[in-house]
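Here are the chains, one letter per residue:
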Amino acid sequence: MGKKYRITTSCPQCGCGGEAEMSEEELKKKHGDVPNIELKCHECMMVMEADVKEDKGSSES
Ligand SMILES: [Zn+2]
């Protein structure tokens, strides 16, 4: 099936962080076909850049 991506955020202002998994389809639908996406911190509403990495599944480590 499609690729999966792991989106990691860490807010420089309040220090909260999060992780989400999204399929390629979802990611493109929500954010477009861009390497870097921006998300809003749900704690302090600061806009921060999220780190998007391809999730290659369980074959690693
Ligand atoms: Zn924050």
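Q: Residue-level account of the sheet that holds strand E1 (residues 4–10), with values.
A: One open sheet accounts for 4 strands, arranged E2-E1-E4-E3; its pairing is antiparallel. With one partner strand each, in any of the chains shown, strand E2 (17–23) and strand E3 (37–40) form the two edges of the open sheet. Taking each pair of neighbouring strands and ignoring which way they run, the sheet shows an average axis angle of 35°. Note: E3 against strand E4 (residues 47–55), 4 bridges, orientation antiparallel. Across the sheet, Lys 40 pairs through a bridge with Val 47, a residue of E4. Across the sheet, helix H1 (residues 24–31) touches E1, E2 and E3, and the angle it forms with E2 is around 110°.

Q: I'd love a proper account of the pairing of E1, names of residues and values included.
A: The pairing of E1 with E2 spans 7 bridges and is classified as antiparallel. From the neighbouring strand, Thr 9 faces E2, where its bridge partner is Gly 18. Here E1 folds back onto E2, and the loop between the two strands holds 6 residues, one of which, Gly 15, carries a positive phi near 85°. With 5 bridges joining them, E1 and E4 adopt antiparallel strand pairing. Bridging from a neighbouring strand, Arg 6 pairs with Lys 53 of E4.

The rules we used
- Residues numbered from 1 in each chain as written.
- Predicted model: local features only at pLDDT ≥ 70, side-chain atom pairs only at ≥ 80, totals over all residues.
- Pairing = 2+ DSSP bridges.
- Helix = DSSP H or I, 4+ residues; strand = E, 2+ residues; numbered from the N terminus.
- Axes fitted to C-alpha atoms, helices over the stretch in contact; angles between N-to-C directions.
- Contact = placed C-beta atoms within 7 Å.

All we've got here are geometric facts, nothing functional implied.
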